[in-house]
Amino acid sequence: MRVLIKNGRVIDPSQDLDDRKEILIEGAKIKGLYPKGKGPKSDKVIDASGYIVIPGLVDMHTHLREPGFEYKETIKTGTMAALKGGFTSVCCMPNTNPINDSIAVTEFVIEKALKEGYCGVYPIGAITKGQNGQELNELRTLRQAGCVAFSDDGKPVTNSLIMRRVLEYSKIFDVPIISHCEDLKLSEGGVMNEGVVSTLLGLKGIPKAAEEVMVARDIALCELTKGRLHIAHVSTEGSVKLIMDAKARGIPVTAETCPHYFSLTDESVKSYSTNLKVNPPLRTEKDVEAIIQGIRDGTIDVIATDHAPHHEDDKNMEFDTAAFGISGLETAFSLGFQLVEQGVLDLKHLIMKMCVTPSKIMKLNKGTLSVGADADIAVINTEKKFVVDKSRFFSKGKNTPFQGWHLKGTVEKTISMGKIREWS
Ligand SMILES: [Zn+2]
């Protein structure tokens with residue numbers, strides 16, 4: 001079957017393209033790119049008038065929860081949520097049950113995704129056995145089984161020698177090491193950012209230093225090893241400064257942040273809504289400004305979701321005891337698009353950070369509309385306003401702090417490996 005997408009504004013930073021083009025899809029591949037009005041005959045035409053047509057988004061930080069926590073999310077529901085959010089590739093973190101530290105779990109995820117998933121799923125293996133932070137996994141076999149990166153996300157690698165070793169191995173296996181930067185002694189018992197608001201609310205705080213000391217350590221280890229370090233979910237001004245300085249000194253570190261770290265501050269926690277409880281925690285206005293500046297100047301390479309779906313029962317309790325995490329796949333693009341509306345970024349750079357760059361870091365061979373590439377495409381109406389309604393989420397996780405927010409930019413169609421899904 002041949003499908004022609006016409007009349008859209010095609011934006012593909014991988015080819016430095018922003019033009020009215022027609023895209024021909026045949027089967028699972030992009031077959032041709034043509035000037036407006038020059039596309040060939042096809043079996044089906046998608047009229048993208050008034051829309052942008054971009055490569056499917058790539059999320060390098062997703063929690064799909066399967067195996068083990070299927071009551072929170074499954075590969076099936078998580079990948080449908082991804083598609084609804086415009087994502088056609090997601091990289092899933094290993095903190096499942098059992099933890100993905102073995103070929104058996106890696107293969108389970110890959111096979112389950114092939115059978116029940118709606119988009120590309122790329123497993124991330126654990127750095128240490130059982131994510132205990134102490135004993136290095138068999139990285140070679142996990143890599144061969146299909147892991148695209150390694151991370152102990154949810155937990156830091158507390159043993160610095162293990163972190164040094166894994167960064168050395170990252171060069172041999174050419175995979176990124178994604179670091180969850182948290183000093184567990186400093187963050188112990190904390191549930192929100194440590195500062196004026198936590199004092200006011202009587203909640204135990206997590207100081208910014210809990211993140212920054214580990215960012216500093218990992219940068220030092222990256223300088224020592226020249227390994228492929230990627231810092232996950234950057235939330236503080238201090239971390240942005242450390243990464244900016246490291247990059248200026250030629251250290252090969254990359255970094256991501258998530259929409260909630262540029263959209264919300266700890267002030268919002270005054271509502272005591274547990275949907276605002278996330279790790280690292282929401283910080284202050286000054287941090288948000290630094291994150292936005294880091295996105296603008298390129299210190300922060302990637303906008304990832306850290307999609308962390310939870311069941312109502314994990315959130316419907318006191319702030320102190322509720323689970324950490326935000327269900328992020330279905331709001332990420334629109335929150336990112338706010339940065340375009342605010343003049344922080346142009347669309348091209350937003351797409352770079354949500355698609356081209358994460359694909360490059362994870363070496364997925366995605367994030368492009370070039371001829372011969374997989375037909376992974378998102379068709380988006382950047383003019384359409386909507387109100388976030390979690391009851392319409394495809395994700396099982398309704399834990400969003402953005403419920404009721406008025407946003408702009410709706411995903412109209414998502415095409416994954418040539419399969420078309422229409423949302424409105
Ligand atoms: Zn994390």
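See the structure shown above.
Residues numbered from 1 in each chain as written. Predicted model: local features only at pLDDT ≥ 70, side-chain atom pairs only at ≥ 80, totals over all residues. Heavy atoms only, no water.

Chemist: Just checking my understanding: could you explain the coordination of the zinc ion for this structure?
Modeler: Perfect tetrahedral coordination of a metal by four donors corresponds to 109.5 degrees between them, and perfect octahedral coordination by six donors corresponds to 90 or 180 degrees. Coordination of the zinc ion by the protein comes from D153 (OD), H180 (ND1) and H233 (NE2), over a distance range of 1.9 to 2.3 Å. On the primary sequence, the residues serving as donors to the zinc ion are separated as D-x26-H-x52-H. One end of the pair, D153, is in the loop between β10 (149-151) and α4 (160-173); the other, H180, is in the loop between β11 (177-179) and α5 (184-187), and 27 residues separate them in sequence. The two residues D153 and H180 agree in class, both being buried. (Donors = N, O, S within 2.8 Å, 3.2 Å for Na, K, Ca; no water. Helix = DSSP H or I, 4+ residues; strand = E, 2+ residues; numbered from the N terminus. Buried < 20%, exposed > 50% of the residue type's maximum accessible area, 1.4 Å probe, protein only.)

Chemist: Can you walk me through helix α2 (residues 103-116) in this structure?
Modeler: Along an α-helix, a turn takes 3.6 residues, which lines up residues three or four apart on a common side. With 14 residues, α2 should cover 20 Å at 1.5 Å per step; its first-to-last C-alpha distance of 20 Å lies within 8% of that length. Listed as buried for α2 are V105, T106, V109 and A113. Projected down its long axis, α2 carries its buried residues within an arc of 105°, all on one side. Seen from the open side of α2, the exposed residues pointing more than 90 degrees away from its buried face are A104, L114 and K115. On the buried face of α2, the contacting elements are α1 (75-84), β8 (87-92), β9 (120-125) and α3 (139-145). (Expected span 1.5 Å × (residues − 1). Arc of directions from axis to C-beta. Contact = heavy atoms within 4.5 Å.)

Chemist: How should I be thinking about the sheet that holds strand β16 (residues 302-303) in this particular structure?
Modeler: Backbone-to-backbone hydrogen bonds join strands into a sheet, with any given pair of strands oriented parallel or antiparallel. Strand order in the open sheet made by the eight strands is β7-β8-β9-β10-β11-β14-β15-β16, with parallel pairing throughout. Across the chains shown, the open sheet's two edge strands, defined by having one partner strand only, are β7 (57-62) and β16. One ladder, built from two bridges, connects β10 with β11; its direction is parallel. Across the sheet, residue F150 finds its bridge partner in β11, namely I177. Where α2 meets the sheet, its contacts fall on β8 and β9, and the angle it forms with β9 comes to roughly 170°. (Pairing = 2+ DSSP bridges. Axes fitted to C-alpha atoms, helices over the stretch in contact; angles between N-to-C directions.)

Chemist: Looking at this model, I keep getting lost on the packing of aromatic side chains. Mind explaining?
Modeler: The geometry of an aromatic ring pair is captured by two quantities: the separation of the ring centres and the angle between the planes. On inspection of all chains with the given rule, the structure shows four aromatic pairs. Summarising the aromatic geometry, the rings of F333 and F337 are spaced 6.1 Å apart at their centres and angled 15° between planes, so their arrangement reads as stacked. Taken together, the residues F333 and F337, both in helix α12 (residues 332-341) and four residues apart, mark about one turn of the helix. Just as F333 is buried, F337 falls in that class too. The ring of F324 carries K277 above its face, with NZ or CZ at 4.6 Å from the centroid. (Phe/Tyr/Trp six-rings, centres within 6.5 Å; stacked < 30°, edge-to-face > 60°. Lys NZ or Arg CZ within 6 Å of the ring centre and 35° of its normal.)

Chemist: What am I meant to see in the packing of α12 against helix α13 (residues 347-362) here?
Modeler: Pairs of packed helices are described in terms of their axes, by the angle between the two and the distance that separates them. Where α12 contacts α13, the two axes come as close as 9 Å, and the packing angle between them is 145°. You can see that α12 and α13 cross each other, and the crossing is right-handed. On the side of α12, the interface is formed by A332, F333, G336, F337 and V340, while α13 contributes L347, L350 and M354. Here the contact of α12 with α13 is composed, by residue class, of seven nonpolar, one polar and no charged. (Left-handed = near helix turned anticlockwise from the far one by under 90°. Nonpolar A, V, L, I, M, F, W, Y, C, P; charged D, E, K, R; others polar.)

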